[in-house]
Amino acid sequence: KISHVSLSQGIYILFGILFSFTMFSQNAIAQSNEDPEVMFNLAKEHFVKGEYNEAITIYDKILEIAPNNISTLKMKGIAQSNLEQHSNSLKQFFKVLQHRPNDAISLTGMGVGFGNLGEYQESMTYFEKASKEKPNSIVINNYKEFINKVILKYPYTPTQKPNEIQQSLPIPEWIKNNAKW
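For every chain, the first residue of its written sequence is number 1, and the numbers climb from 1 along that sequence. Given that the model is predicted, a residue must reach a pLDDT of at least 70 before its local features are reported, and side-chain atom pairs must reach 80 or more before they are shown or counted; all residues, however, enter totals for whole chains, interfaces and linings. Side-chain numbers come from the whole structure's heavy atoms, not from hydrogens or water.

A. Up close: the environment of Phe127. Strands here mean DSSP runs of E at least two residues long; helices mean DSSP runs of H or I at least four residues long; both are numbered from the N terminus. Mapped onto the secondary structure, Phe127 falls in helix H7 (residues 120–133). By relative accessible area, which is 1% here, Phe127 ends up buried. Put simply, Phe127 and Met110 are 17 residues apart on the chain and 8.1 Å apart in space, counted from C-alpha to C-alpha. Think of it in three bands: residues with accessible area under 20% of the maximum for their type are buried, residues over 50% are exposed, and the middle band is partly exposed, with areas taken using a 1.4 Å probe on protein chains only.

B. Broad picture of unusual backbone geometry. Unlike most non-glycine residues, Glu84 shows phi in positive territory, near 65 degrees. Its location among the elements puts Glu84 in the loop between helix H4 (70–82) and helix H5 (86–99).

C. Spotlight on the pattern of salt bridges. A pairing counts as a salt bridge when a side-chain nitrogen of Lys or Arg comes within 4 Å of a carboxyl oxygen of Asp or Glu. According to the stated counting rule, one finds 4 salt bridges in the structure shown. In this structure, Asp103 engages Lys74 in a salt bridge whose closest nitrogen and oxygen atoms are separated by 3.0 Å. Of this pair, Asp103 sits in the loop between H5 and helix H6 (104–116) while Lys74 sits in helix H4, and the two are 29 residues apart along the sequence. One exposure class covers both Asp103 and Lys74, and it is buried. One salt bridge connects Lys144 with Glu128, and the closest N-O pair in it is separated by 3.8 Å. Note that Lys144 is positioned in helix H8 (residues 138–153) and Glu128 in helix H7, a separation of 16 residues in sequence. Of the residues examined, Glu128 reaches a relative accessible area of 35% and is grouped as partly exposed.

D. Main features of the environment of Glu84. Glu84 sits in the exposed class, given a relative accessible area of 64%. Here the alpha-carbon distance between Glu84 and Asn116, two residues 32 residues apart in the chain, equals 8.3 Å.

E. Representation of the nonpolar core within the structure. Only buried Ala, Val, Leu, Ile, Met, Phe, Trp, Tyr and Cys residues count toward a nonpolar core, and they belong to the same one when joined by side-chain atoms within 4.5 Å. By size, the foremost hydrophobic cluster in this structure holds 12 residues: Met39, Phe40, Ala43, Phe47, Tyr52, Ala55, Ile56, Ile58, Tyr59, Ile62, Met75 and Ala79. Contributions of two or more residues to this core are made by helix H2 (36–48), helix H3 (52–65) and H4. Sort the elements by how many residues they give to this core and H3 lands first, with 6 residues. Any two residues whose heavy atoms approach within 4.5 Å are treated as being in contact. Discounting chain neighbours no more than four positions away, the residues touching Met75 are Phe40, Phe47 and Tyr59. One finds Leu90, Leu107, Phe114 and Ala130 within the second-largest nonpolar core, a separate group that totals 9 residues.

F. Summary view of the packing of aromatic side chains. Classification of ring pairs rests on two measures: the distance between centres of Phe, Tyr or Trp rings, Trp counted by its six-membered ring, which must be within 6.5 Å, and the angle between planes, read as stacked under 30 degrees, edge-to-face over 60 and tilted in between. Per the counting criterion, the structure on display carries 4 aromatic pairs. Residues Phe114 and Tyr126 carry aromatic rings whose centres are separated by 5.7 Å and whose planes lie at 10 degrees to one another, so their mutual orientation is stacked. With Phe114 in helix H6 and Tyr126 in helix H7, the pair connects residues that are 12 residues apart, well separated along the chain. A relative accessible area of 13% places Tyr126 in the buried class. On the basis of an interplanar angle of 5 degrees and a centroid distance of 5.2 Å, the ring pair of Phe127 and Tyr143 is categorised as stacked. On the criterion of sequence distance, the pair formed by Phe127 in helix H7 and Tyr143 in helix H8 is long-range, its members being 16 residues apart.

G. Molecular detail of the packing of H4 against H5. Packing of H4 against H5 brings their axes to within 8 Å, and their N-to-C directions diverge by 160 degrees. The angle between the axes of H4 and H5 places the two elements in the roughly antiparallel class. H4 and H5 meet at a crossing whose hand is left-handed. Seen from H4, the contacting residues are Ile70, Leu73, Lys74, Lys76, Gly77, Ile78, Gln80 and Ser81; seen from H5, they are His86, Asn88, Ser89, Gln92, Phe93, Lys95, Val96 and His99. Under the convention adopted here, Pro, Cys and the residues Ala, Val, Leu, Ile, Met, Phe, Trp and Tyr are nonpolar, Asp, Glu, Lys and Arg are charged, and Gly plus all remaining residues are polar. Classifying every residue of the contact of H4 with H5 by side-chain character gives 5 nonpolar, 8 polar and 3 charged. Axes, fitted as lines to C-alpha atoms, cover a helix only where it is in contact. Angles between the N-to-C directions of the axes lie from 0 to 180 degrees. Oblique is the label for any angle not under 35 degrees, not over 145, and not in the 65 to 115 range, which are roughly parallel, roughly antiparallel and roughly perpendicular in turn. The crossing is said to be left-handed when, going from far helix to near helix, the turn is anticlockwise and less than a right angle, and right-handed when the turn is clockwise.

H. Representation of H4 in the model. Between the first and last residue of a helix there are one fewer steps than residues, each counted as 1.5 Å, and that sum is the expected span. The first and last C-alpha atoms of H4 sit 18 Å apart over 13 residues, in line with the 18 Å expected at 1.5 Å per residue. Burial within H4 is extensive, with 10 of its 13 residues counted as buried. All buried positions along H4 are accounted for by Ile70, Thr72, Leu73, Lys74, Met75, Lys76, Gly77, Ala79, Gln80 and Ser81. For H4, the N-terminal cap is Asn69; the gap from its side-chain oxygen to the backbone nitrogen of Ser71 is 3.3 Å. Downstream of H4 by one or two residues, Glu84 has phi in the positive range, about 65 degrees. Between N or O atoms, a polar contact is any pair within 3.5 Å; within protein, one atom must be a potential hydrogen donor and the other a potential acceptor, and residues adjacent in sequence are included only when both atoms are from side chains.

In structure tokens form, the structure reads like this:
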């Protein structure tokens, strides 16, 4: 009788443990779908495998939760650059630079993006800024050297940029009222 009672108690205990484990794992799975850190690590796994579209999809979900997450913006920009979506990658790096104007990775990303769009002078400007932040970076120095060689070998006229607006435009009254100016 003692072994029979112990066995039935053991079964109940085992069932209780399995039930608890199932509930815990379901909570962990539900949490991982909304936890930016877990999502970021999953995106990184895709990124490392070269599955950039999958990584970008996850980065977008993270950015819905945390729109100005610097690490996510940078990784999304790099993934887009690797997919040759240079205009889109420039937007991500630009967002980072609005918050961290001296971020070497984003400055380098801007240089790569403009270089791939054939804007070599603009590219060099960003590589120079990145080089000031990380003067010993082999990657940045290699990019600078490459762009210099391209400019020397294939002289070109940079795209003319629009002049700055000389006059300030009047602020509409409805904005002043809404902003309480």
